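Fold and geometry: a report
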Amino acid sequence: MNSRVQSLVHDTAALAVRTLDAAEAARWDAYVAAHPEATFFHRAGWKRVIEDAFAHRTHFLLAERAGEIVGVLPLAEIKSRLFGHSLGSLPFCAYGGILADDDAAARALDAAAQALATRLGVGALEYRNQVARHPDWPTKDLYVTFKKAIAPEAEANMNAIPRKQRAMVRKGIKAGLVGEIDGDTRRFFEAYSASVHRLGTPVFSRKFFRLLKDAFGDDCEVLTITLKGEVIASVMSFYFRDEVLPYYGGGTDAARAVAGNDFMYWELMRRAAERGLKTFDFGRSKRGTGSFDFKKNWGFEPTPLHYEYFLVADEAVPEVNPLNPKYRLFIEAWKKMPRALANAIGPHIVKNLG
């Protein structure tokens, strides 16, 4: 047996995979913070958020060698009569999947996840990878991500925006829009819930957003745009290392007339540049949607996301998303529902969509 094979056998034998203990969250996060391929969605705080907001079971796996963490895989299980039974890394998150120091640790976590999925009898195990890991698995070629470097100077960032979109940003500036950082999620929810209702999408609960703020502190920030004291738009952003990721956002009915959403993302970018951040992560979008086109208009180029599926009970990749034709009538009916009623019912539906 040559030395390379001996080393591989030794590393594999020395590995142990187990679930995260609540008292080890800081240790998990230290590993994530130091790993070059980590994302905000690998952080341990998602375990408590998903459990407390949605009552879903989580299975946060960590691989250890000689007492040191060498890999992590955050997983959550969704069991719904309407939308099926799944295990994924990570529901409600754009990115996820295995994070590991070496191939042996990655394989150990992968094997543990597949064994868990089989034992639970889920329809499918889903990895939300930025880089393909299993070319032999079924995939969903639907989502892309948009990322772009932030220049240190505001003028350079403004000039990098294509002309037509730049005009929209300037329209918001001329209208007198103002950006304010909120310490809570009250005004954010007002703008966000109005926006998703217009799209015919069920809204998350107020509790979910409060939990995000509580779990991630200053790394979860709300920027609200106002005009003469009235809420126009608001966005909840995540911060991770030198990146800003606007993740949940929307505008009130008044936003369109004053380019509220356009100004909001510019204001976020401007503030990020002042803080010395390097990357603006516009997050994921589905191909063929208005969100996709909006981000393209900003000069961002799409990068495919590799959502891969290990099928257990399912015979095909699940298609639980608004572009599925079978949800068309539901979406149109939801748009016509009174917003107060939609806000009351929505959280019970959206928690099972992932």
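Residues numbered from 1 in each chain as written. Predicted model: local features only at pLDDT ≥ 70, side-chain atom pairs only at ≥ 80, totals over all residues. Heavy atoms only, no water.

**Looking at the sheet that holds strand 15 (residues 279-286)**
Strand order in this open sheet of 7 strands is 11-12-13-14-15-10-16, and the pairing throughout is mixed. Looking at strand neighbours, the two that pair on one side only are strand 11 (178-182) and strand 16 (302-304), the edges of this open sheet. Strand-to-strand, the axes of this sheet are offset by a mean angle of 35°, without reference to chain direction. Pairing between strand 12 (residues 220-227) and strand 13 (residues 230-240): 8 bridges, direction antiparallel. For Val222, the partnering residue across the bridge sits in strand 13 and is Met236. (Pairing = 2+ DSSP bridges. Helix = DSSP H or I, 4+ residues; strand = E, 2+ residues; numbered from the N terminus. Axes fitted to C-alpha atoms, helices over the stretch in contact; angles between N-to-C directions.)

**Details of the pattern of salt bridges**
Opposite charge on two side chains allows them to pair when their charged atoms are near. On inspection of all chains with the given rule, the structure shows 20 salt bridges. With its nearest N and O atoms 3.2 Å apart, the salt bridge here joins Arg27 to Glu24. For Arg27, a relative accessible area of 30% corresponds to the partly exposed category. If you follow the salt bridges from partner to partner, you end up with Arg18, Glu24, Arg27 and Glu64 in one network. (Salt bridge = Lys/Arg side-chain N within 4 Å of Asp/Glu carboxyl O. Buried < 20%, exposed > 50% of the residue type's maximum accessible area, 1.4 Å probe, protein only.)

**Overview of the packing of aromatic side chains**
Summed over all chains, the structure comprises 42 aromatic pairs. Between the aromatic rings of Phe54 and Phe204, the centroid separation amounts to 6.0 Å while the plane-to-plane angle is 55°, which identifies the pairing as tilted. In this pair, Phe54 is assigned in helix 3 (residues 45-54) and Phe204 in the loop between helix 7 (186-199) and helix 8 (206-216), connecting sequence segments 150 residues apart. Of the residues examined, Phe54 reaches a relative accessible area of 4% and is grouped as buried. (Phe/Tyr/Trp six-rings, centres within 6.5 Å; stacked < 30°, edge-to-face > 60°.)

**Quick word on helix 4 (residues 103-120)**
With 18 residues, helix 4 extends 25 Å from end C-alpha to end C-alpha; this agrees with the ideal 26 Å at 1.5 Å per step. Every buried residue of helix 4 is accounted for by Ala104, Ala105, Ala106, Leu109, Asp110, Ala113, Leu116, Ala117 and Leu120. (Expected span 1.5 Å × (residues − 1).)

**Here we look at the packing of helix 7 against helix 12 (residues 339-350)**
Packing of helix 7 against helix 12 brings their axes to within 11 Å, and their N-to-C directions diverge by 95°. Classified by the angle between their axes, helix 7 and helix 12 sit roughly perpendicular to one another. Facing Phe189, Glu190, Ser193, Ala194 and His197 of helix 7, the residues of helix 12 in contact are Arg339, Ala342 and Asn343. Split into classes, the residues belonging to the contact of helix 7 with helix 12 amount to 3 nonpolar, 3 polar and 2 charged. (Parallel < 35°, antiparallel > 145°, perpendicular 65-115°, else oblique. Contact = heavy atoms within 4.5 Å. Nonpolar A, V, L, I, M, F, W, Y, C, P; charged D, E, K, R; others polar.)

**Here we look at the environment of Glu274**
Mapping Glu274 onto the fold places it in helix 9 (residues 260-274). As a C-alpha pair, Glu274 and Asn157 span 117 residues in sequence and 11 Å in three-dimensional space. Within polar-contact distance, the side chain of Glu274 engages the side chain of Arg270 at 2.9 Å. (Polar contact = N/O pair within 3.5 Å; in protein donor to acceptor, adjacent residues only side chain to side chain.)

**Quick notes on the side chain of Glu77**
Along the chain, the position of Glu77 falls in strand 5 (residues 76-80). Taking relative accessible area as the criterion, Glu77 reaches 6% and is therefore assigned buried. Of note is the side chain of Glu77, whose polar atom sits 3.1 Å from the side chain of His59. Discounting chain neighbours no more than four positions away, the residues touching Glu77 are His56, Arg57, His59, His85, Ser86, Leu87 and Leu120.

**Concerning the state of the cysteines**
All chains considered together, the criterion is met by 0 disulfides. Sulfur of Cys93: no disulfide; nearest cysteine sulfur belongs to Cys220 and is 12 Å away. The class of Cys93 is buried, set by a relative accessible area of 0%. (Disulfide = S-S within 2.5 Å.)

**Quick word on unusual backbone geometry**
The residue after Ser89, namely Leu90, is reached through a cis peptide bond having omega 0°. As for its placement among the helices and strands, Leu90 is situated in the loop between strand 6 (84-89) and strand 7 (99-100). A positive phi angle, near 60°, is found at Ala55, a position not held by glycine. Relative to the assigned elements, Ala55 resides in the loop between helix 3 and strand 2 (57-58). Even without being a glycine, Ala66 presents a positive backbone phi close to 55°. Along the chain, Ala66 turns up in the loop between strand 3 (61-65) and strand 4 (68-73).

**Comments concerning the nonpolar core**
One finds Phe41, Trp46, Phe209, Leu212, Phe238 and Tyr248 to be the most contacted residues of the largest nonpolar core, which totals 52 residues. Among all residues touching Phe41, those that are not within four sequence positions of it are Trp46, Pro74, Leu90, Cys93, Ala94, Tyr95, Phe238, Leu245 and Tyr247. Ile225, Ala255, Leu268 and Phe300 belong to the second largest nonpolar core, which has 30 residues in total. (Core = buried A, V, L, I, M, F, W, Y, C linked by side-chain atoms within 4.5 Å.)

**A closer look at the sheet that holds strand 8 (residues 124-129)**
If you trace the 6 strands from one edge of the open sheet to the other, you get 2-5-6-8-17-9, paired in mixed fashion. Only two strands of the sheet have a single partner each, and these edge strands are strand 2 and strand 9 (139-140). In this sheet, strand 17 (residues 306-311) lies alongside strand 8 in antiparallel orientation, the contact comprising 6 bridges. In the sheet register, Glu126 faces strand 17, and the bridge partner there is Tyr309.

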